[in-house]
Amino acid sequence: MCGRFTLNQSAEALAQVFHVEPVLDLAANFNIAPTQMVATVLQNPESENREFKQLHWGLIPSWAKDGGMGAKLINARAETVAEKPAFRSAFKHRRCLVLADGFYEWQRQQGKKQPFYFRLQDGQPFGFAGLWEKWQPVRAASPTGEAGTPANEEIISCTILTTAANELLQPIHERMPVILEPKDYDLWLDSQVQTPQTLQQLLRPYPAPAMTSYPVSTLVNNSRHNSQQCIIPLSDENAPTNQLN
């Protein structure tokens, strides 16, 4: 699964990589956790232009009775996303890029979980394959039977797709988030493309030689810790570094 990631890039860098304007000048985030707001890129179905939006991480299906359901749907398995009731409509019509420049995964070592940080070799930001959905709380009926005012505003939420781990991640975890190639962004965002077979071919493990990883402090285990310390390599010279060249 993908449960934590980072985004420490300027608005200018994100606009250049993802070809979208304007981009909010976001504060650096070294420990993005589920239910937080995350930076995404969507395609406007009317103008067909890319749009930058911040969405709630944890997809709430439109038919959900409780918004808390989103906390359980932070990830969607690429292999089954076209069939699962919570995701199949969004997979056809509402796809997005979730913006990141690294993510964490944990390896069990001697009864403890050691976090590792993964990023691209060139340090560039990238897009996770994501889905988005709109959810509106059910309106409470008035004594006269008329619809009342909803207690909360509409929530637009998202999930991150996962696939089998590549060679770099396999020693750490069996799954990894789907990192899309920049050349595939247009196809993924195009809501006119709805054939599962066409979309599924994009949901593959990212090439391991283009990535690097290293162990980091367990500070990241607590989502309240959000500083550059989270991504600094462990000082122990004997700590393993997971990298393919």
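In short, a report on the structure. From a predicted model like this one, the values you see are computed outputs, not experimental measurements.

Describing the overall build of the protein chain
Working step 1: Helix and strand counts for the protein chain come out as four helices and 13 strands.
Working step 2: A globule of 245 residues ought to have a C-alpha radius of gyration of about 18 Å, and the protein chain, at 19 Å, matches this closely.
Working step 3: Once the C-alpha set of the protein chain is aligned to its principal axes, its extents read approximately 70 × 35 × 35 Å.
Working step 4: Across the protein chain, contacts joining residues at least 24 apart in sequence account for 69% of those joining residues at least 6 apart.
Working step 5: Accessible area of the protein chain: about 12,500 Å², with a carbon and sulfur share of 48%.

Brief notes about the sheet that holds strand E1 (residues 5-7)
Working step 1: Taken in spatial order, the five strands of this open sheet run E2-E1-E7-E8-E13, and their pairing is antiparallel. The open sheet has two edge strands, strand E2 (29-32) and strand E13 (211-215), and neither has a second partner. Taking each pair of neighbouring strands and ignoring which way they run, the sheet shows an average axis angle of 30°.

What to know about the environment of Met1
Working step 1: Here Met1 shows up in the segment before E1.
Working step 2: Between the C-alpha atoms of Met1 and Asn221, which are 220 residues apart in sequence, the distance is 15 Å.
Working step 3: Those residues in contact with Met1, other than ones at most four positions away along the chain, are Ile74, Asn75, Glu105, Thr162, His173 and Arg175.

A closer look at the pattern of salt bridges
Working step 1: Scanning the entire structure with this criterion turns up six salt bridges.
Working step 2: Ionic pairing is found between Asp186 and Arg50, a salt bridge with its closest N-O pair at 2.6 Å. Of the two residues, Asp186 sits in helix H3 (residues 185-189) while Arg50 sits in strand E4 (residues 50-57), which places them 136 residues apart along the sequence.
Working step 3: Measuring nitrogen to oxygen at the nearest pair gives 3.2 Å for the salt bridge that ties Arg204 to Asp184. Placement of Arg204 in the loop between helix H4 (196-200) and E13 and of Asp184 in the loop between strand E12 (179-180) and H3 is noted, with a sequence separation of 20 residues between them.

Some words on helix H1 (residues 11-18)
Working step 1: Looking only at H1, the buried set comprises Ala11, Leu14, Ala15 and Phe18. Projected onto a plane normal to the axis of H1, the buried residues spread over an arc of 100° and lie on a single side. For H1, the exposed residues set more than 90 degrees away from the buried face come down to Glu12 and Gln16.
Working step 2: The first or second residue beyond H1 is His19, which carries a positive phi of 55°.

Some thoughts on unusual backbone geometry
Working step 1: Following Glu21, the chain continues to Pro22 via a peptide bond in cis, the omega torsion being -10°.
Working step 2: Relative to the helices and strands, Pro22 resides in the loop between H1 and E2.
Working step 3: With a phi angle near 75°, Thr35 is a residue other than glycine that sits in the positive phi range.
Working step 4: Locating Thr35 in the fold gives a position in the loop between E2 and strand E3 (37-43).
Working step 5: Phi angles above zero are rare outside glycine, and Gln110 is one such case at about 50°.
Working step 6: Within the secondary structure layout, Gln110 lies in the loop between strand E7 (102-109) and strand E8 (112-120).

Re empty space enclosed by the protein
Working step 1: Counted under the stated rule, the structure contains one cavity of 30 Å³ or more.
Working step 2: In this model, the largest cavity occupies a volume close to 40 Å³.
Working step 3: In this structure, the largest cavity is lined by Ile179, Leu180, Glu181, Asp184, Leu202, Arg204, Pro205, Tyr206 and Pro207.
Working step 4: Tallied by class, residues from the lining of the largest cavity come to six nonpolar, no polar and three charged.

Thresholds, definitions, all that
All residue numbers refer to positions counted from 1 along the written sequence of the respective chain. Selection of residues for local features in this predicted model requires a pLDDT of at least 70, selection of side-chain atom pairs for listing and counting requires 80 or more, and totals for whole chains, interfaces and linings are taken over all residues. Side-chain numbers come from the whole structure's heavy atoms, not from hydrogens or water. Runs of E in the DSSP output that reach at least two residues are strands. Runs of H or I that reach at least four are helices, and both are numbered from the N terminus. What the globule rule says is 2.2 Å times the number of residues to the power 0.38, and the radius of gyration is computed from C-alpha atoms. Here, residues are in contact when the closest pair of their heavy atoms is within 4.5 Å. Here the Shrake-Rupley method, with its probe set to 1.4 Å, supplies the accessible areas, and only the displayed protein chains count as covering residues. We call two strands paired when DSSP finds no fewer than two bridges between them. Convention adopted: a line fitted to C-alpha atoms gives each axis, helices being fitted over their contacting stretch, and angles between N-to-C directions are expressed from 0 to 180 degrees. Any carboxyl oxygen of Asp or Glu that lies within 4 Å of a side-chain nitrogen of Lys or Arg is treated as forming a salt bridge with it. Exposed residues in this analysis have more than 50% of their type's maximum accessible area, buried residues have under 20%, and partly exposed residues fall in between, with area computed by a 1.4 Å probe over protein chains only. As used here, the arc is the angular range of directions from the helix axis to the C-beta atoms. Throughout, the protein atoms alone are placed on a 1 Å grid, and a set of points is a cavity if a 1.4 Å probe fits but cannot get out or a pocket if it is open with protein on both sides within 12 Å along at least five of seven lines; lining residues have an atom within 4 Å of a point. Grid points are joined across faces, edges and corners, and a volume is the space filled by probe spheres set on the points. When residues are grouped by polarity, Ala, Val, Leu, Ile, Met, Phe, Trp, Tyr, Cys and Pro land in nonpolar, Asp, Glu, Lys and Arg in charged, and all others, Gly among them, in polar.

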